[in-house]
Amino acid sequence: MAKWRCSICGYVYDEVRGEQSTGTPPHTLFSDLPDSWHCPVCGADKKAFLPVKEDVPAGPAVPMVWRCRVCGYEYDEQKGESATGTAPGTKFSDLPGAWRCPVCGAEKGAFFMIEKEDISHDAAKTTVADVIFAEIASQGVELVFGLPGTSSLGLVDAVRRQESMRYIAVRHEENAAMAASAYHKLTGKIVVCLTIAGPGATNLTTGLYDAKEDGAAVLSINGQVETQYTGPYGIQEIDQDAFFRPVTVYNNTIYDRKMTVLLVDRALKYALLRKGVAQLSVPNNVQKQGLDARFCRRETGIVSPHILPDDGMIQQATKAIDDAERPVIIVGWGAFAYGDAVLALARKIASPILTTFRAKGMVPDDNEWLIGILGALGPPQARTLANDADLLITLGVGFSKFTNIPLDKKMVQLDIDPIKLGKGAETTCLWGDCGLTIPRLTAGVRARNIEHVLKEIAGMKREWDDQREREADPEAIPVRPPYIMKVLSETIPDDAVITLDVGENQWWFGRNFRMKRQRFAMSGYLGTMGFGFPAAIAAKLAYPERKVFCITGDGGFSQAMSDFVTAVKYELPMVVVILNNHQLGMIQVEQLMEHYPNFGTELLNPDFAAYARICGGEGVRVERPGELKRAIEEALRRDVPFIVDVETDPRRFP
């Protein structure tokens, strides 16, 4: 019989004595211990043990704590126990067989050894930062956008060692957060923003607010100074717990390393289920502490809830639909992924379909049931239908002021967020997932004759198409935005991914671009300039096999253009179409509408095509209508980041 010592904590296993705390009987050979057996002190596996001489004392090399299973009393070998006359330093194994728990009188056999976690953590080969990103990676997260710095060095190095993750170093943290928000909007998957304390954290916030407002799940990991916020004059020190609170659905700081896995699990759970931003700050010294993940508490959770209204509410909704003579369906972002289900409902109840701006492309624009966007940039026929309807069926709609849904109508309103329900005084509220609930509505409603409605919709679509065709003047110089959108509609591939900035480019895209099967992402409720280009970086990383187009303005692109070199660095080919009107065009229009003189909107722009070439990409400048299609086709052929700089003007209509 031999003895074996743990090389981590010094515990000695004696084959003669066995090990009471692990239930190992005396005379058990070390080789006969199961592979799952671990050191009862530090948790090290069998490989950490080496044979030692027989005169080495058995048991832990450091004082241990033993807990009574009956009452929870703890015997600390270092302190002893005055109530039983046990001197400090007395090992539990040396207590007499008659010794009893001083609280409940339980025998020695009722006690078990409490593992010394700190011993294991201090000896661990992995750090807190390693464990953070291993846990994130284990839940399917593959991408990190960030910028390294002093207070995040341990975190960045952990990403470097995580083989399943890709790190994209940006030039500005706002672009990292914008890209992370766009990635979730396009894929439904979560990615990480990673930056430093103080200025890095504050730079993230515009992009994080975009995610908050549009319900995009993002995980923000931020370095922090070594001590908790202490006040003014600390270098790069701000109270990040307070700073991030308004923008997050989950917000915490990892001060105790043993809480690492639990906090990461909760951050991911909150971000995904509450569809928002989760933020964890990690002090510089904590990042580098040893941590053995086996001794960390963890949680699990569902990926997405499957919520269905009860049968009574479904019946109430189907009755309201059956009783209506002129029902109209309005589709929002919450139902974007369920175009086929929406079409099946529309066909059965003979209802025209309107969409919000964010739901543009839910079905192709040429679909026989689709009228277009409801709102200022949509067809006037859509507003007529909404106003004349005797029932509005809203599916995952946000009810923004730009959509301006009439609230005095009878409604059947379906949404996954119960807080959003009940927008009108006469609303049948359905709390549920659109993908699950729409088919149940379709199954329950009566079928109608569709011929008359289809003829009416076809006439409306012809009127709108004819109007937009007349606007797309192929001779006007500078090139008119309606013509730009017409050419883009004809040349952008059906399976492309389009990212959109905020401004006049967005207005004309919503109004004049003809969607086929493309996907697009935009900054919805925050409406922030500078979203389009970092979103294009995210799109190309999400869909490397598809063509990516960024449609932006000179104002929006100039806010994010520093990261054009990032697209070049990581070899992310894309086409960036800049509507260059030398103005903050939308602001100019708003000044006109509110009877202000035009002031402060003029832009002095560089040659964006030359800028693309200087950065290592390609670019071309378009000044005449006949040059545009050739430029787009050339950009599609080139496997590099490519800027098409289109000289246009800020007028909405001649």
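Residues numbered from 1 in each chain as written. Predicted model: local features only at pLDDT ≥ 70, side-chain atom pairs only at ≥ 80, totals over all residues. Heavy atoms only, no water.

Asks: Teacher, can you tell me more about the state of the cysteines here?
Replies: Disulfides are covalent bonds that link the sulfur atoms of two cysteine residues. On inspection of all chains with the given rule, the structure shows 0 disulfides. Unpaired in this structure, cysteine 193 has its nearest cysteine sulfur neighbour in cysteine 550, at a distance of 18 Å. (Disulfide = S-S within 2.5 Å.)

Asks: How do you make sense of the sheet that holds strand β13 (residues 327–331) when you look at a structure like this?
Replies: Taken in spatial order, the 6 strands make up an open sheet running β15-β14-β13-β16-β17-β18, and their pairing is parallel. Edge positions in the sheet fall to β15 (370–373) and β18 (427–431), since each has one partner strand and no second. Going across the sheet, the axis of each strand differs from the next one's by a mean of 20°, ignoring polarity. Here 3 bridges tie β13 to strand β14 (residues 353–355), and the two strands are oriented parallel to one another. (Pairing = 2+ DSSP bridges. Helix = DSSP H or I, 4+ residues; strand = E, 2+ residues; numbered from the N terminus. Axes fitted to C-alpha atoms, helices over the stretch in contact; angles between N-to-C directions.)

Asks: I would appreciate a short explanation of empty space enclosed by the protein in the present structure.
Replies: A probe as big as a water molecule, rolled over the atoms, marks out the empty space that is left. One pass over the structure, following the stated rule, counts 3 cavities of 30 Å³ or more. Of the voids in this model, the largest cavity is the one considered here, and its volume is about 50 Å³. As for the largest cavity, its lining consists of Lys185, Trp333, Arg358, Phe520, Ala521 and Met522. A class-by-class count of the residues in the lining of the largest cavity yields 4 nonpolar, no polar and 2 charged. (1 Å grid on protein atoms, 1.4 Å probe; cavity = no way out; pocket = protein on both sides within 12 Å on 5 of 7 lines; lining within 4 Å. Points joined across faces, edges and corners; volume = space filled by probe spheres on them. Nonpolar A, V, L, I, M, F, W, Y, C, P; charged D, E, K, R; others polar.)

Asks: I tried to follow the pairing of β13 on my own but got confused; where do I start?
Replies: On a regular strand, each side chain points to the face opposite its neighbour's, so the side chains alternate between the two faces of the sheet. Taking burial as the measure, the 5 residues of β13 include 5 buried ones, the bulk of the element. The two faces of β13 match: Pro327, Ile329 and Val331 on one face and Val328 and Ile330 on the other face are all buried. Sheet topology note: the β13/strand β16 (residues 391–395) ladder contains 5 bridges and is parallel. From the neighbouring strand, proline 327 faces β16, where its bridge partner is leucine 391. Taken together, β13, helix α10 (residues 339–349) and β14 constitute a β-α-β crossover, and its handedness is right-handed. (Buried < 20%, exposed > 50% of the residue type's maximum accessible area, 1.4 Å probe, protein only. Right-handed = clockwise from strand over helix to strand, strands pointing away.)

Asks: It is not clear to me how the environment of serine 164 should be interpreted in this structure. Could you clarify?
Replies: Inspection of the secondary structure puts serine 164 in the loop between α3 (153–161) and β8 (166–169). If we skip the residues at most four places from it in the chain, serine 164 touches Ala137 and Glu142. (Contact = heavy atoms within 4.5 Å.)

Asks: Hey, could you run me through unusual backbone geometry in this one?
Replies: The amide bond that connects isoleucine 477 to the next residue, proline 478, takes the cis arrangement and shows omega of -5°. Relative to the helices and strands, proline 478 is located in the loop between α13 (451–471) and α14 (481–491). Even without glycine at this site, phenylalanine 399 takes up a positive phi of about 60°. If you check the backbone angles, histidine 582 has positive phi at about 60° while not being a glycine. Topologically, histidine 582 is positioned in the loop between β22 (574–580) and α19 (585–593).

Asks: What am I meant to see in helix α7 (residues 260–273) here?
Replies: With 14 residues, α7 extends 20 Å from end C-alpha to end C-alpha; this agrees with the ideal 20 Å at 1.5 Å per step. Residues of α7 that are buried: Thr260, Val261, Leu262, Leu263, Val264, Asp265, Ala267, Leu268 and Ala271. Contacts from the buried residues of α7 go to α2 (128–138), β10 (218–224), β11 (248–253) and β12 (277–283). Where α7 terminates, the next one or two residues include lysine 275, which has phi positive at roughly 50°. (Expected span 1.5 Å × (residues − 1).)

Asks: Please explain the pattern of salt bridges as it appears in this structure.
Replies: Close approach of charged atoms allows side chains with opposite charge to pair. Under the definition given, this model contains 31 salt bridges. Residue arginine 298 is joined to glutamate 135 by a salt bridge in which the shortest nitrogen-to-oxygen separation is 2.8 Å. Remark: glutamate 135 occurs in helix α2 and arginine 298 occurs in the loop between α8 (284–287) and α9 (311–323); sequence separation between them is 163 residues. By relative accessible area, which is 43% here, arginine 298 ends up partly exposed. When its relative accessible area of 9% is taken as the criterion, glutamate 135 is described as buried. (Salt bridge = Lys/Arg side-chain N within 4 Å of Asp/Glu carboxyl O.)

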